[in-house]
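Fold and geometry: a report
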Amino acid sequence: MWLRRVFYSWLLPAAFVLPLWLVAGWVIFDAGGWALLWVLFIAVPSVFLGQLVLMLLVRARGTVRAQRAVSWLDVAGFSVWHLLTIAVGFYNVAWFGIALVLAIIAALAVFWSSLWQLWTEARPRMTVVQTAGGTAFIPPPSARPEPEDIPDVVIIEEKPTPPGV
């Protein structure tokens, strides 16, 4: 549980730290001038916005907010994506392209995984009630009151007036 809570706390700082790592990696590993343009105009904004969107999708789930912990599927997905993003920041010519493609695929997988988890959690579920004796049962659906037989035509009858009035 502690690892899932650490990831819950890490999601917001990751939106700032990972793009900064891409810039710092460019400086440290001397990636070149064209890489700077790519880093500043494509990589940093996409990692920043992608991380914020994914964080909001994860935190939109009720169980995540209640437990203040992400799911194990989120831990696996974000771990892979963050590690691949860090690998991209090393700018090694031998495996930069494959790391970039895998990081993009991992980000898309985390996005769809987050949407799927949000969708399945938001779906209505069957309620199981337990009695004092421990027996579980599914309550019957609430009966809707049937509309009474109301005639389509309303007939108003006048009382005859008594003679002499």
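Further up the page is the structure itself.
Residues numbered from 1 in each chain as written. Predicted model: local features only at pLDDT ≥ 70, side-chain atom pairs only at ≥ 80, totals over all residues. Heavy atoms only, no water.

Below, the discussion takes up the packing of aromatic side chains. Tallied over the entire structure, the rule returns nine aromatic pairs. Considering the side-chain rings of Phe-29 and Phe-90, the 5.2 Å spacing of their centres and the 65° angle between planes classify their relative orientation as edge-to-face. Residue Phe-29 is located in the loop between helix H1 (2-28) and helix H2 (33-59), and its partner Phe-90 is located in the loop between helix H4 (72-88) and helix H5 (96-122); the two are separated by 61 residues in the primary sequence. According to the relative accessible area criterion, Phe-29 is partly exposed, its value standing at 36%. What links up through ring pairs into an aromatic cluster is the set Trp-21, Phe-29, Phe-90 and Trp-95. Between the NZ or CZ atom of Arg-59 and the centre of the ring of Tyr-8, over which it lies, the distance is 4.2 Å. (Phe/Tyr/Trp six-rings, centres within 6.5 Å; stacked < 30°, edge-to-face > 60°. Helix = DSSP H or I, 4+ residues; strand = E, 2+ residues; numbered from the N terminus. Buried < 20%, exposed > 50% of the residue type's maximum accessible area, 1.4 Å probe, protein only. Lys NZ or Arg CZ within 6 Å of the ring centre and 35° of its normal.)

The subject of this paragraph is unusual backbone geometry. Positive phi values are uncommon outside glycine, yet Asp-30 reaches one of about 50°. Along the chain, the position of Asp-30 falls in the loop between H1 and H2. Judged by its relative accessible area of 66%, Asp-30 falls in the exposed class. The backbone of Tyr-91 shows a phi angle near 50°, a positive value even though the residue is not glycine. By the element assignment, Tyr-91 lies in the loop between H4 and H5.

Given 3.6 residues per helical turn, the α-helix brings residues three or four places apart onto the same face. With 27 residues, H1 extends just 33 Å between its outermost C-alpha atoms, more than 12% less than the 39 Å of an ideal straight helix rising 1.5 Å per residue. Remark: the principal bend of H1, roughly 55°, maps to Pro-13. Along H1, the residues classified as buried are Arg-4, Phe-7, Tyr-8, Leu-11, Ala-14, Ala-15, Leu-18, Pro-19, Leu-22 and Gly-25. Trailing H1 by a residue or two, Asp-30 shows a phi angle of about 50°, which is positive. (Expected span 1.5 Å × (residues − 1). Bend = angle between axes of the 7 residues up to and from the residue.)

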